[in-house]
Structures are given as C-alpha cells and as structure tokens.
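Here is what each chain is made of, one letter per residue.
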Amino acid sequence: MQLIEEGGFVMWPLIAISVLVIAVILDRLLVFTTQPLVDPDLEARLIAAGRGEATQETLATAIELRPTLRPLLEALFAKGAKATREGLATIAIEEIIRGLDRRVGVLGMAARVAPLLGLLGTVIGMIQTFSRLSAASGAIDMTLLADGIWQALLTTATGLVIAIPAVIAHGGFLRREEHVNFALARLANRVLMAKGSPGERAA
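Below is a summary of the structure that appears in this document. Note that this is a predicted model, so its numbers are computed, not measured.

### Looking at the overall build of the chain
Next up, step 1: A count of helices and strands for the chain gives 9 helices and 0 strands.
Next up, step 2: Secondary structure elements in the chain, listed N-terminal to C-terminal, are α-α-α-α-α-α-α-α-α.
Next up, step 3: Looking at the chain as a whole, 39% of its 203 residues qualify as buried.
Next up, step 4: As displayed, the chain has an accessible area near 11600 Å², and 65% of this comes from carbon and sulfur atoms.

This is the structure in structure tokens:
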C-alpha cells in the first residue's frame, strides 16, 4: 500500500489493469485447456463417418466429447452440395475461433496502455519533484531529489510489469488460435473429401 501511495494516483488505474489482465489470462487458459483439439482417433472416426460408417453414432459421440465443434460438425454433415457445406464449415470455424478470441484483445490493449500510463505517472512525479526543489530555498537537497525520482519511476516499472506478461500471453493465445484454425480447417477438408459422404449421396 505504501508503494501505491508513493507512486501517485496513476497507480490505481495500473492496478485495475493488472487485475483485468490476470482475469483474462486465467479465463483464456481455462478455455484453451478445457477445450482440446480434435485428437487423431476422433479425426479418423469423423473421416470414416464422412464415408458413411456409423455416421450418427460418431457424430453423437463427437458432439458429446467436443461440444464446441457442434456447429462445424453439423455443417460438414449437412445435406446438400459440397460447395454449400464448405461455406457452412468456413462460417462455423470462424465462429469457433471468434469464441476462443473473446477478450484476448484486452491483453493487447493492456500491453499498450500500461506502459503509457506508467510513463505518464513518471512524468507527473518528476514535475512534482522539480517543482518542490525549485520552491525550496538554499542548496538542493540531493536526498529529496533521489527520493522524488525513484518514487516517480515506480509507475513506469509497474506499467512494464503489467505489459510484459500481457504481451507474452497475447502472443501465445493468438498462436494457439492459429493452431486451432489450421486443425479445424484440415479436419473440414478431410471430411469433405471423404468419398461417399452423406451430403454427396444426397446431392
């Protein structure tokens, strides 16, 4: 609490941002760890289902195991032309990725705003320090100057401490989303290319 008071009023928005960053990181970690990608066994069963092998049973199992994939699976195994199912699958993948990307942008914003707030706090602190020194009579008290400078730099350090993990987490989540997007697109293509899928027979 003493450091917060010494850092000035800018420390309070920085603390708020830090709490938000931690909450978003924990939330997205929970989402990404509890919603695994399609494993090779499930992918093989879905491709077999595309060929007409135990389709309904496989779909029911897949949706139960991976409820997030429900819109994609429904699109892939819908009746109609292959081009239609490709379009529906593309939309479904975009919706899934958008769900994973929810609140990730907050980390990018925090990574940009926190250092700027920290710098603002430092500038304000330096202005206050030199204002007090200019108002003081006699020789400059170096102790007062040193205390004022390190207190002013507290906000810059705090902003960087917030920004660094936010940048790392933001980049990590974006790479994870790219991996998920690739895996889902590969799954969709393999199912659609499976010979004798229900949709093709119905077309």
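### Section: a nonpolar patch on the surface
Next up, step 1: Residues I22, L26 and L29 make up a contiguous nonpolar surface patch of roughly 290 Å² in combined accessible area.
Next up, step 2: Its location among the elements puts L26 in helix α2 (residues 11–34).
Next up, step 3: According to the relative accessible area criterion, L26 is exposed, its value standing at 54%.

### With respect to the packing of helix α3 (residues 40–50) against helix α4 (residues 55–65)
Next up, step 1: Orientation of α3 relative to α4, taken along the N-to-C sense of each, is 145°, at an axis distance of 9 Å. When you trace α3 past α4, the crossing you get is left-handed. Contacts between α3 and α4 involve L42, R45, L46 and A49 from the first element and T55, T58, L59, T61, A62 and L65 from the second.
Next up, step 2: Class assignment for the residues of the contact of α3 with α4 results in 6 nonpolar, 3 polar and 1 charged.

### Looking at helix α6 (residues 82–101)
For an α-helix the count is 3.6 residues per turn, leaving residues at separations of three or four pointing the same way.
Next up, step 1: The terminal C-alpha atoms of α6 lie 28 Å apart, and with 20 residues this matches the ideal 28 Å at 1.5 Å per residue to within 8%.
Next up, step 2: Directly after α6, the chain includes R103, whose backbone phi takes a positive value near 75°.

### Brief notes about the pattern of salt bridges
Next up, step 1: Inspection of the entire model under this criterion finds 6 salt bridges.
Next up, step 2: Taking the shortest distance from any N to any O, the salt bridge between E43 and R186 comes out at 3.4 Å. Placement of the pair is E43 in helix α3 and R186 in helix α8 (residues 142–193), with a sequence separation of 143 residues.
Next up, step 3: Close ionic contact of E74 with R70 constitutes a salt bridge, the shortest N to O distance being 2.9 Å. With E74 and R70 both in helix α5 (residues 70–76), this residue pair falls 4 residues apart, about one helical turn.
Next up, step 4: Judged by its relative accessible area of 42%, R70 is partly exposed.
Next up, step 5: Shared partners join several salt bridges into a network, and the residues in it are D27, R28 and R103.

### Focus: unusual backbone geometry
Next up, step 1: One non-glycine residue with positive phi stands out, namely R103, at about 75°.
Next up, step 2: Structurally, R103 is set in the loop between α6 and α7 (104–135).
Next up, step 3: Residue class for R103 comes out partly exposed when judged on its relative accessible area of 40%.

### Quick notes on α3
Next up, step 1: Within the sequence span of α3, burial applies to L42, E43, L46, I47, A48, A49 and G50.
Next up, step 2: G52 occupies a position one or two residues after α3 and carries a positive phi of about 100°.

### A short note on the packing of aromatic side chains
Next up, step 1: Evaluation of the coordinates by the stated rule reveals 1 aromatic pair.
Next up, step 2: Taken together, a centroid distance of 5.5 Å and an interplanar angle of 15° make the contact between F32 and F173 stacked. Pair noted here: F32 is in helix α2 and F173 is in helix α8, with a separation of 141 residues, a long-range link. As far as burial versus exposure is concerned, F32 and F173 are alike and both buried.

### Here's the deal with the nonpolar core
Next up, step 1: V21, L46, L72 and L76 are the most contacted members of the largest nonpolar core, which totals 48 residues.
Next up, step 2: Once you skip the residues sitting within four places of it in the chain, V21 turns out to touch L107, A110, I162 and A166.

About the criteria used
Residues numbered from 1 in each chain as written. Predicted model: local features only at pLDDT ≥ 70, side-chain atom pairs only at ≥ 80, totals over all residues. Heavy atoms only, no water. Helix = DSSP H or I, 4+ residues; strand = E, 2+ residues; numbered from the N terminus. Buried < 20%, exposed > 50% of the residue type's maximum accessible area, 1.4 Å probe, protein only. Areas by Shrake-Rupley, 256 points an atom, 1.4 Å probe, with all protein chains shown as cover. Patch = residues over 30% accessible without salt bridge, like charges linked within 9 Å, V, L, I, M, F, W, Y side chains within 5 Å. Salt bridge = Lys/Arg side-chain N within 4 Å of Asp/Glu carboxyl O. Axes fitted to C-alpha atoms, helices over the stretch in contact; angles between N-to-C directions. Left-handed = near helix turned anticlockwise from the far one by under 90°. Contact = heavy atoms within 4.5 Å. Nonpolar A, V, L, I, M, F, W, Y, C, P; charged D, E, K, R; others polar. Expected span 1.5 Å × (residues − 1). Phe/Tyr/Trp six-rings, centres within 6.5 Å; stacked < 30°, edge-to-face > 60°. Core = buried A, V, L, I, M, F, W, Y, C linked by side-chain atoms within 4.5 Å.

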